[in-house]
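Examination of the molecular architecture
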Amino acid sequence: MKKRAITSRQASQAAIPVMPAIRTKARDPDGMSGFGASEVATQLQTGKSKKKGPENFRARARPLQIEKNRVIPARSRAPNGVSGFSVLREIANRKKKRSSMNRKVEKFRSRAGPLPAVRSPAIRARSRDPDGLSAANVSEKKTTERQLSKIKEKIMQKNQLQFNGPVKAIIGALALTVLVAFGAPQAAHASTAAGTKLTNTVTVDYKSVGNVSYSDTATVTVTVSLVEAKPTVAFVSQTPVATVASPTDENTAVAQTYSIYSNSNGSEQFTINQAGFTATNIGAATGVTASSTVWLGATALTTKATASATVYVPYDGTNDGEILTNSETTAGRGIVANDYVMIGGTKYQVTAIDETVGNGLAELTWMQR
Amino acid sequence: MRRVLSVVIFLSFFLVAPIAAWAKPAIVLEISTAKLVVENIEGREVRKFVPTNQAEPGQTLIYTIKYRNDGDETATNVVIDDPIPQGMSYLPGSASDKGELTFSIDGGQTYKKPSLLTYEITNSDGSREKRTASPEQYTNIRWQLPEVAAGTGDEVSFQVKVK
């Protein structure tokens, strides 16, 4: 057997039915296996089929050439990936169904008898049928048309499944991807400040049988209490900076700065003690020189913290440039300009406070540090 | 005789009519708060709600709403609407499944079932994206009851977490 490649056009014109199993194996554009393609090529060249005896292959093929002058697109051009032969078969099937439908309609038309000379009102109504069918045939025609439309619908549905199936699958996969990619929960917010009053007012609306409206309410208030928490203490800097290469000179004072941040939701007092200090080859340390106690507080934000922003916090009722937390009433224990605040582990410095904005709020401007 | 009967009927109308006019439903509401307390009793974890008016951040609270129709007529189209207080977030699945239960994410302007509560955001490229609201975004809870008969009552509840 002489092996030779076959073009899609040649195979289409030959109109050799190709089994689906062969199509899946095929590398040929029309879905033929290497064996099938070379065999057809040989048949086209010699005009003989080696398998089926002396019968000329072209003679067998010609009667099947119902689309003689039309080149069936190669497999890759078909939207659902079918071969040219499958498209050809589908066209033939549809033609067959169409002609079957036409035959049925013609049959009904032929049954229609001439209209009687004297028309009853009912017949007059029926005589409006554009095909001129008799009364009995009109209803029969309608029934058949319904059946035919159902058949058409089924064919269309089948086509949609064939052609749109893969597309729908891809859209489904994308939707899933979108859900997975964009479905992450939002970041948690800071805790509610101590002393905040959370009021819940429930309302009931109802009607009487006579459709008169009534209403009633009930209220309960919960106060957020202080939750004490261990503060965060961290080393910040030392002045002058001492290194191995450049140690601090003797008889020189060294200042070490530490930061302390409250992790509670309200005002708390912290006592700073010097503990665990060991003096080696140096004189006695002076220890903590600043205040040994510090008040730290917390408040609630009405907007999300950003790097540099103006936010609003509950107003403490006194326009004095200091924002006291909800549980604190003593001046000097609140937030003032140049204080640092921590939100979610990020440090911000308060640059300005405005307590005249109204609506029970104070404006607080800060910058990330 | 007929005249006497007419007079009796006429007078009866004036006696009964005011009584009928007085009949009306009167639903009384009560709301209470309790906090979830977990105790270890003889090696077993016991969870119970204790009435309170104080709460700590992270604590679970239960709001119980009792309603009772003290009137002498059935109340119809009963709608119980409870805004979730700011500083609290609704715990999913905790609301009593009574009547038609819906939620709002726009402060009570519209109410829908949780699966239908969606909102749109604008991405940086200008495209719009629809998202399903999470329970933390719920602002209101609503129970709709067809009717509450006179002299009857019940309760609904839901749980929140203090932020």
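Residues numbered from 1 in each chain as written. Chains lettered and ligands numbered in written order. Predicted model: local features only at pLDDT ≥ 70, side-chain atom pairs only at ≥ 80, totals over all residues.

1. Quick look at the overall build of chain B
The test is simple: Under the DSSP-based scheme used, a helix requires at least four consecutive residues in state H or I and a strand at least two consecutive residues in state E, with every element numbered from the N terminus. Three exposure classes are used, based on other C-beta atoms lying within 10 Å of a residue's own C-beta, which is placed from the backbone: buried for 20 or more, exposed for 12 or fewer, and partly exposed in between. Contact between two residues is assigned when their C-beta atoms, built from the backbone, lie within 7 Å.
Secondary structure summary: chain B contains 1 helix and 11 strands in total. When the elements of chain B are put in sequence order from the N terminus, they spell out α-β-β-β-β-β-β-β-β-β-β-β. Across the 163 residues in chain B, those meeting the buried criterion constitute 24%. Considering only contacts in chain B between residues 6 or more positions apart, those separated by 24 or more positions represent 73%.

2. A word on the sheet that holds strand β3 (residues 54-55) of chain B
This is how the line gets drawn: Here, a strand pair is defined by DSSP locating no fewer than two bridges between the strands.
Reading across from one edge, β3(B)-β2(A)-β1(A)-β5(B)-β10(B)-β7(B) is the order of the 6 strands in this open sheet, with mixed pairing throughout. At either margin of the open sheet sits one strand with a lone partner, and together these are β3 and β7 (100-104) of chain B. The sheet contact formed by strand β5 (residues 75-83) of chain B and strand β10 (residues 140-148) of chain B spans 8 bridges and is antiparallel. Paired with P83 of chain B across the strands is N140 of chain B, a residue of β10 of chain B.

3. Overview of the pairing of strand β8 (residues 118-122) of chain B
Residue and element names in this part refer to chain B. Across the 5 residues of β8, 0 count as buried, placing the element largely on the outside. For β8 and strand β9 (residues 128-132), the ladder comprises 5 bridges, and the chain directions are antiparallel. Each bridged residue has a counterpart across the sheet, and for Y119 the counterpart in β9 is R131. In this antiparallel pair of consecutive strands, β8 and β9, the connection spans 5 residues, and G126 shows a positive phi of 90°.

4. Brief notes about the sheet that holds strand β6 (residues 88-90) of chain B
Residue and element names in this part refer to chain B. Rules: Every angle, taken between N-to-C directions, lies between 0 and 180 degrees, and every axis is a line fitted to C-alpha atoms, over only the stretch in contact when it is a helix.
With respect to topology, 5 strands assemble into an open sheet ordered β2-β1-β4-β11-β6, the strand pairing being antiparallel. One side of each edge strand has no neighbouring strand; the edge strands of this open sheet are β2 (44-51) and β6. Averaged over all neighbouring strand pairs, the angle between strand axes comes to 35°, with direction disregarded. One ladder, built from 9 bridges, connects strand β4 (residues 60-69) with strand β11 (residues 153-162); its direction is antiparallel. Within β11, the residue paired with L61 across the bridge is V160.

5. Structural notes on the environment of S96 of chain B
Residue and element names in this part refer to chain B. Its location among the elements puts S96 in the loop between β6 and β7. As for S96 and Q159, which are separated by 63 residues in sequence, their C-alpha atoms are 9.6 Å apart. Among residues more than four places away in sequence, those in contact with S96 are V156 and S157.

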